[in-house]
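Here are the chains, one letter per residue:
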Amino acid sequence: MGHHHHHHVDPNDGDAKVLWAILVNMGLTVAQIVGGIFAGSLALIADALHNFSDAISLIIAFVARKIARRPADKSMTFGYGRAEVVAALINYTTLIVIGLYLAYEAVMRFFDPQPVDGWLIVIIAGIALVVDVITALLTFALSKTSVNIRAAFLHNVADALGSVAVIFAGTLILLYDWRLIDPAVTLLIAGYILWQSFAEIGGVIRILMLGAPEEVDLDAVIELMRNADGVRDVHHVHFWRMQEHQSALSVHLVLDINDVEAAGWVRDALKKQLHDQFDIVHVTLEIEAHNEPCTDPQLIGHQDAGA
């Protein structure tokens with residue numbers, strides 16, 4: 001959720017590539033888990049689970065893209081775009097659980113090292129690296145125009161690095177029979193999963209909590225409205241993100257003028273400015289005459305009805 005670029009592309013573009021990437025990664029996950037069990041390698045299973053989480057993130061991106069295209073209706077008047085955000089929250093929460101579990105298992109292995117088949121680790125991790133490269137090629141072009149696919153692409157690049165780490169561990173086991181390298185690499189993979197998940201989940205929660213978009217300075221938005229021709233003051237400001245790329249603003253606008261036609265001109269001009277300067281796509285302005293403003297208004301938000 002750290003990217004906030006706005007692109008207008010065919011929403012159906014690239015679905016087949018994403019689907020192929022999902023199938024390739026799911027096949028790899030099964031192979032890694034089976035190989036990890038036979039090789040006795042926790043690092044290989046850790047890499048498989050991380051790869052599985054990336055396949056899930058691709059599935060989420062694929063399904064959410066489909067759901068998000070549904071038009072608004074009576075039950076979802078803002079549309080279905082937030083399906084992506086809800087799915088991402090589930091995905092990151094699951095990732096955190098997986099990361100903590102792998103860290104626990106790795107620590108236990110330090111106290112009770114297990115025999116590990118180095119050759120099987122190197123061969124399967126090598127295959128995983130090839131699949132990671134194929135997936136990256138399938139999603140690279142799409143990653144330039146979609147934050148969801150870009151996140152999955154970056155996960156995949158990290159997977160490639162994870163596969164390199166597992167190959168390194170397998171090689172050390174073959175050369176020096178250093179079994180502790182397996183749980184050590186597992187801890188590194190678990191640490192990366194946790195770091196990445198905690199870094200991303202905050203932005204997801206912020207959207208679901210109706211937080212203001214981080215990349216837009218709300219003070220600058222308020223200043224623009226206050227300095228607009230015909231505007232005396234603003235209050236009851238609500239600024240939030242309806243979905244990943246669509247921010248919304250609701251404001252009470254106190255005007256210096258009482259003329260209805262002039263008020264409409266002020267409103268329309270201000271909406272255009274807010275869109276052009278801050279990319280705010282959904283603006284609701286409640287007009288108030290300067291001699292009939294709200295009683296005891298507050299700048300941000302509303303007072304509770306019972307207050």
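Note: the structure precedes this text.
Moving on: the environment of Gly-230. Turning to its location among the elements, Gly-230 is positioned in the loop between helix 7 (218–226) and strand 1 (231–243). A sequence separation of 25 residues divides Gly-230 from Leu-255, and the C-alpha atoms of the two residues are 5.7 Å apart. Residues in contact with Gly-230, not counting those within four places in the same chain, are Val-254, Leu-255, Asp-256, Ile-257 and Val-266.

Pairing in this open sheet of three strands is mixed, and the strands run 1-2-3 from one edge to the other. Whereas interior strands pair on both sides, the edge strands pair on one side only; in this sheet they are strand 1 and strand 3 (280–289). Between one strand axis and the next, the sheet turns through 15 degrees on average, direction left out of account. Looking at chain direction, strand 2 (residues 246–255) and strand 3 are connected through nine bridges and run parallel. In the sheet register, Val-254 faces strand 3, and the bridge partner there is Glu-288. Sitting on the sheet, helix 7 is in contact with strand 1, strand 2 and strand 3, with an inclination near 140 degrees to strand 1.

The full count for this structure, using the stated rule, is one aromatic pair. One Lys or Arg, Arg-70, reaches over the ring of Tyr-80 and ends 4.2 Å from the middle of that ring.

Parameters and conventions
- Every chain begins its residue count from 1, and numbering advances along the sequence as written.
- The predicted origin of the model limits local features to residues at a pLDDT of at least 70 and limits the giving and counting of side-chain atom pairs to 80 or more, whereas totals for whole chains, interfaces and linings rest on all residues.
- Working from all heavy atoms in the structure, the side-chain values ignore hydrogens and water.
- We count a stretch as a helix when DSSP gives it H or I for four or more residues in a row; a strand needs E for two or more, and each element gets its number in order from the N terminus.
- Contacts are assigned to residue pairs that have any heavy atoms within 4.5 Å of one another.
- For two strands to pair, DSSP has to find at least two bridges joining them.
- The convention used is that axes are lines fitted to C-alpha atoms, helices contributing only their stretch in contact, and that angles between N-to-C directions extend from 0 to 180 degrees.
- Aromatic rings from Phe, Tyr and Trp, taking only the six-membered ring of Trp, are treated as a pair when their centres fall within 6.5 Å; an angle between ring planes under 30 degrees marks them as stacked, one over 60 as edge-to-face, and anything in between as tilted.
- Either the NZ atom of lysine or the CZ atom of arginine qualifies as a charge over a ring when it sits within 6 Å of the ring centre and within 35 degrees of the ring normal.

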